[in-house]
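Structure assessment
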Amino acid sequence: QVQLVESGGGLVQAGGSLRLSCAASGRTGSRYAMGWFRQAPGKERDIIAAISWSGGVTYYADSVKGRFTISRDNAKNTVYLQMNSLKPEDTAVYYCAADQAGTNWYIRISGEYDYWGRGTQVTVSS
């Protein structure tokens, strides 16, 4: 079992930056691909970024490509999402997720992850 806790959300003006963190605890010795999702009111939960256990394979949704960066520090059991040039349409609850990996390069871009955090609110004002 793995527990995930997001932090770093808050209120920021358009054009600003935030860095989200996802701390993992429990059975963290196995290899996990990680992903970041977001969900705005009335909308589906969508993947915005993903990263392999090795960190060498990443994925970004077109809506955040060039503005957001996913990274991980396996020694700290932590995954990060650096968000720059934030827009009001980025307002959502942001979730991190973990998926058991078969290889160092495994990555999942669908929503069928094994473990989920409870989310952190990001609000971008105009």
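Keep in mind it's a predicted model, so treat the numbers as computed, not measured.

Considerations on the overall build of the protein
Within the protein, the regular secondary structure consists of zero helices and eleven strands. Starting at the N terminus and walking to the C terminus, you meet the elements of the protein as β-β-β-β-β-β-β-β-β-β-β. Taken over the C-alpha trace, the protein has a radius of gyration of 14 Å; the compact-globule value for 126 residues is 14 Å, and the two agree within 12%. By principal-axis analysis of the C-alpha atoms, the protein measures approximately 40 × 30 × 25 Å. Expressed as a percentage of its 126 residues, the buried residues of the protein come to 40%. The contacts in the protein between residues at least 6 apart in sequence include a share of 60% that link residues at least 24 apart. Considering the protein, the positive charge centre built from 13 side chains and the negative charge centre built from 10 side chains are found 5 Å apart.

Regarding the pairing of strand S5 (residues 46-51)
Among the six residues of S5, five are classified as buried, and the element is accordingly described as predominantly covered. One ladder, built from five bridges, connects strand S4 (residues 32-39) with S5; its direction is antiparallel. Paired with Arg38 across the two strands is Asp46, which belongs to S5. Where S4 folds back onto S5 in an antiparallel hairpin, the turn is made up of six residues, including Gly42, whose phi is positive at roughly 80°. Two elements, S5 and strand S6 (residues 58-60), share three bridges in a ladder whose sense is antiparallel. Paired with Ile51 across the strands is Thr58, a residue of S6. Counting the residues in the hairpin turn of S5 and S6 gives six residues, including Gly55, whose phi is positive at 85°.

Calculation criteria
Residues numbered from 1 in each chain as written. Predicted model: local features only at pLDDT ≥ 70, side-chain atom pairs only at ≥ 80, totals over all residues. Heavy atoms only, no water. Helix = DSSP H or I, 4+ residues; strand = E, 2+ residues; numbered from the N terminus. Rg over C-alpha atoms; globule rule 2.2 N^0.38 Å. Buried < 20%, exposed > 50% of the residue type's maximum accessible area, 1.4 Å probe, protein only. Contact = heavy atoms within 4.5 Å. Lys, Arg positive; Asp, Glu negative; His and termini not counted. Charge placed at Lys NZ, Arg CZ, Asp CG, Glu CD. Pairing = 2+ DSSP bridges.

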